[in-house]
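Here is what each chain is made of, one letter per residue.
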Amino acid sequence: MNSNELTTAEVNPKELNIKEEEYLPREIKLIVIHCSATRCNIPFTPAQLEECHKAMGMKCTGYHFYITRDGMLHHTRPLEEVGAHARGFNLHSIGICYEGGLSPEGIPMDTRTTFQRMALLDLLTILKKPYPNATVKGHYQLSADIHKACPCFDAEKEYSSL
């Protein structure tokens, strides 16, 4: 070995000004379910979702997956990339959002269609294979400090058997 070469044992990422999360694979501990908090009778497309998130200063949609009312699954952010969907929990989680969450009158409620329910269950079943220890929770179930109804149903209870 050349005297100018460093071995991996000699390299300290902190000295190179590299954040730990940039070189270590993410450990997924949570799968967080969200709703778009939009009225169930007004379409909210993946493009509209991305536009909304960009308007909040994000580079793209903060969720990893988005499920529209017709049950279509949209992969909106690479899984290797940290999400932007649950402050304080993003580093070790995957974010899934379903279109809806508000009644036609704007009241928080579980507005998932049968297609969305089936797509969400299928996706969670698939994600639990590589992440068997990940817990499924609704956004509001992450912390007592979160004062939202999102995703407007008890995700922890509904998916506890996965």
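Structure: see above.
Residues numbered from 1 in each chain as written. Predicted model: local features only at pLDDT ≥ 70, side-chain atom pairs only at ≥ 80, totals over all residues. Heavy atoms only, no water.

Colleague: Outline the pairing of strand β1 (residues 30-35), supporting the account with residue identities and numerical values.
Modeller: Counted residue by residue, β1 has 6 buried out of 6 residues, so it is predominantly covered. Of the two faces of β1, the one holding L30, V32 and H34 and the one holding I31, I33 and C35 are both buried throughout. Relative to strand β7 (residues 135-138), β1 runs parallel, the two being bridged by 4 bridges. Residue I31 lies in a different strand from β7, and its bridge partner there is V136. (Buried < 20%, exposed > 50% of the residue type's maximum accessible area, 1.4 Å probe, protein only. Helix = DSSP H or I, 4+ residues; strand = E, 2+ residues; numbered from the N terminus. Pairing = 2+ DSSP bridges.)

Colleague: An account of the packing of aromatic side chains is requested, with residue identities and associated values reported.
Modeller: This structure, assessed with the given rule, holds 2 aromatic pairs. Measuring from centroid to centroid gives 6.2 Å for Y98 and F153, while their planes differ by 50 degrees, and the two rings are tilted. With a gap of 55 residues between them, Y98 in strand β5 (residues 93-98) and F153 in the loop between β7 and α4 (155-158) connect regions that are remote in the sequence. Of the two residues, Y98 and F153, both sit in the buried class. Look at F153 and Y159: their rings are 6.3 Å apart centre to centre, the planes differ by 80 degrees, and that puts the pair in the edge-to-face class. Put simply, the rings of Y98, F153 and Y159 pair up and form one aromatic cluster. Over the face of the ring belonging to F153 we find R112, whose NZ or CZ atom lies 3.5 Å from the ring centre. (Phe/Tyr/Trp six-rings, centres within 6.5 Å; stacked < 30°, edge-to-face > 60°. Lys NZ or Arg CZ within 6 Å of the ring centre and 35° of its normal.)

Colleague: So, the environment of T135: which residues are in play, and what are the values?
Modeller: Within the fold, T135 resides in strand β7. Overall, the relative accessible area of 33% leaves T135 in the partly exposed class. Residues T135 and L162 lie 27 residues apart in sequence; the distance between their C-alpha atoms is 9.0 Å.

Colleague: If you had to explain the pattern of salt bridges to someone new, which residues and values would you point to?
Modeller: Applying the stated criterion across every chain, the model contains 7 salt bridges. Two residues, R112 and D110, come together in a salt bridge whose shortest N-O distance is 2.8 Å. R112 sits in the buried class, given a relative accessible area of 6%. Residues E158 and R112 are paired through a salt bridge, measuring 3.0 Å at the closest nitrogen-oxygen approach. Taken as a pair, E158 in helix α4 and R112 in the loop between β6 (101-102) and α3 (114-127) lie far apart in primary sequence, 46 residues in all. Take E158: its relative accessible area is 37%, and that puts it in the partly exposed class. (Salt bridge = Lys/Arg side-chain N within 4 Å of Asp/Glu carboxyl O.)

Colleague: Can you tell me about the pairing of β5, naming the residues and giving the values?
Modeller: Among the 6 residues in β5, 6 count as buried, and that is most of the element. A two-sided burial pattern is seen for β5, the buried positions comprising S93, G95 and C97 on one face and I94, I96 and Y98 on the other. Direction of pairing for β1 relative to β5: parallel, over a ladder of 6 bridges. When the sheet's bridge partners are listed, L30 is paired in β5 with S93. Summarising the sheet, strand β3 (residues 65-67) and β5 pair through 3 bridges and their orientation is parallel.

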